[in-house]
Amino acid sequence: MRDSIQVEIIPACSDNYQYVISENDCAVVIDPSDAATVLKYVDAAGLDLRAILCTHHHQDHVGGIEQIKDQTGADVCGFRDGRIPQCNRFVADRQKLAVHSISFEALHVPGHTSSHLAFYCADGASVFTGDALFAGGCGRLFEGTAEQMWHSLQKIAALPEQTRIYCGHEYTEENLCFALSIDPDNMLLQARLSNVAALRSRGHPTIPSTVQQEQQTNPFLRTGDAALRARLGMEQSTDIDVFAELRRRKDRF
Ligand code: ZN
Ligand code: FE
C-alpha cells in the first residue's frame, strides 16, 4: 500500500458520494454525479483529472460526466454496454486499468444492475463499490438475481481484510438499524451502530468501512452465520436463499 495515494470524499445530491483518488498531481474521479463540486475540488487542489470511472449507469452516478469530460478531456471508463455516457475506455471483469501511476482492477459485480463494476485499488488498499456493497448493506436488485448479487458481494468480501470500502451512498445508519433487527445480539454491530449514529449526528460521513468490518456486521455477508439463520428460521437453507430473504425484508423495512 502507498501512502501517497489519497482519497477525497465529495458529497453530492442528497446522499451520494463521489470520490477523487489522487497521487501527486494525477487524479481520477469515481461516479461523478455533480460536475461543479468535482471540478472545484480538483482545481483548488491543483490536480490533473485524467479519468472518470463509472460503477454503473444510474443518473445519480453519471450526471457529471459530460461536463467534466468537456472541461478536462478525461477518459471515461466503464463496462461496455452502451449505457454510460461518453464511455471511451471499456473494462471487463478482472481487467486492470492504469491511470498514470494509479492502478485499478475492475470487478464485475452484477445484481443492482447487470453491468455494475467495482474498482479495486490495491496500492491504495481501497475498493469503490458503487451501489453493489454498501456500508452495512447492499444495493437493491434492479437487474439481477439474489444469486448474482450474493456472488458479487462475495467477490468484494474476498479482498484483503483491511481494504477500505467506499460506496455510492450514505445509507449506513439505516442499513445498520435493519441489520440489528435481525442480528440483535451481535456486539460488534451494536458498537458500530452507535459509532455511526454519533458520526451522523455531527454530519460526518461514515465512509470508509473495511472488508473486515463488513464481514463482522453486514448481514448480507453473514448468510452463513448460525445466530442470524436461527433468527430467520432458515437453519437448513442455502446461503443464497438466506440472502434473498434478507433482501426481501430490507425492501420492506
Ligand atoms: Zn444505482
Ligand atoms: Fe445510486
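Each remark here, short or long, concerns the structure printed above.
Residues numbered from 1 in each chain as written. Chains lettered and ligands numbered in written order. Predicted model: local features only at pLDDT ≥ 70, side-chain atom pairs only at ≥ 80, totals over all residues. Heavy atoms only, no water.

### As for the side chain of Thr217
Here is step 1 of the chain: Checked against the element boundaries, Thr217 lands in helix H7 (residues 211-217).
Here is step 2 of the chain: You can call Thr217 buried: its relative accessible area is 3%.
Here is step 3 of the chain: Of note is the side chain of Thr217, whose polar atom sits 2.6 Å from the backbone oxygen of Gln213.
Here is step 4 of the chain: Not counting residues up to four positions away in its chain, the partners in contact with Thr217 are Ala179, Asn186, Leu188, Leu189, Arg192 and Arg222. (Helix = DSSP H or I, 4+ residues; strand = E, 2+ residues; numbered from the N terminus. Buried < 20%, exposed > 50% of the residue type's maximum accessible area, 1.4 Å probe, protein only. Polar contact = N/O pair within 3.5 Å; in protein donor to acceptor, adjacent residues only side chain to side chain. Contact = heavy atoms within 4.5 Å.)

### A word on the state of the cysteines
Here is step 1 of the chain: Following the criterion strictly, the structure yields zero disulfides and no others.
Here is step 2 of the chain: The closest cysteine sulfur to the non-disulfide-bonded Cys87 is located on Cys77, 6.8 Å from its own sulfur.
Here is step 3 of the chain: Accessibility expressed as a relative area gives 16% for Cys87, which makes it buried.
Here is step 4 of the chain: Unpaired in terms of disulfides, Cys167 finds its nearest cysteine sulfur in Cys138, a separation of 11 Å. (Disulfide = S-S within 2.5 Å.)

### Concerning the nonpolar core
Here is step 1 of the chain: Residues Leu153, Ile156 and Phe243 are the most contacted members of the largest nonpolar core, which totals 28 residues.
Here is step 2 of the chain: Those elements that provide at least two residues to this core are strand E9 (117-121), helix H4 (146-157), helix H5 (172-182), helix H8 (226-232) and helix H9 (239-252).
Here is step 3 of the chain: When residues no more than four places from it in sequence are discounted, the contact partners of Phe243 are Cys138, Ala146, Met149, Trp150, Leu153, Phe220 and Thr223.
Here is step 4 of the chain: Formed by 25 residues, the second largest nonpolar core is a distinct cluster that contains Val28, Phe104, Ala106 and Ala135. (Core = buried A, V, L, I, M, F, W, Y, C linked by side-chain atoms within 4.5 Å.)

### Observations concerning the packing of H5 against helix H6 (residues 187-201)
Here is step 1 of the chain: For the pair H5 and H6, the least separation of the axes is 10 Å and the interaxial angle reads 155 degrees. Between H5 and H6, the interaxial angle falls into the category roughly antiparallel. Our pair here, H5 against H6, has a crossing hand that is left-handed. Where H5 approaches H6, its residues Thr172, Glu173, Leu176, Cys177, Ala179 and Leu180 are matched on the opposing element by Leu189, Gln190, Arg192, Leu193, Val196, Ala197 and Arg200. (Axes fitted to C-alpha atoms, helices over the stretch in contact; angles between N-to-C directions. Parallel < 35°, antiparallel > 145°, perpendicular 65-115°, else oblique. Left-handed = near helix turned anticlockwise from the far one by under 90°.)

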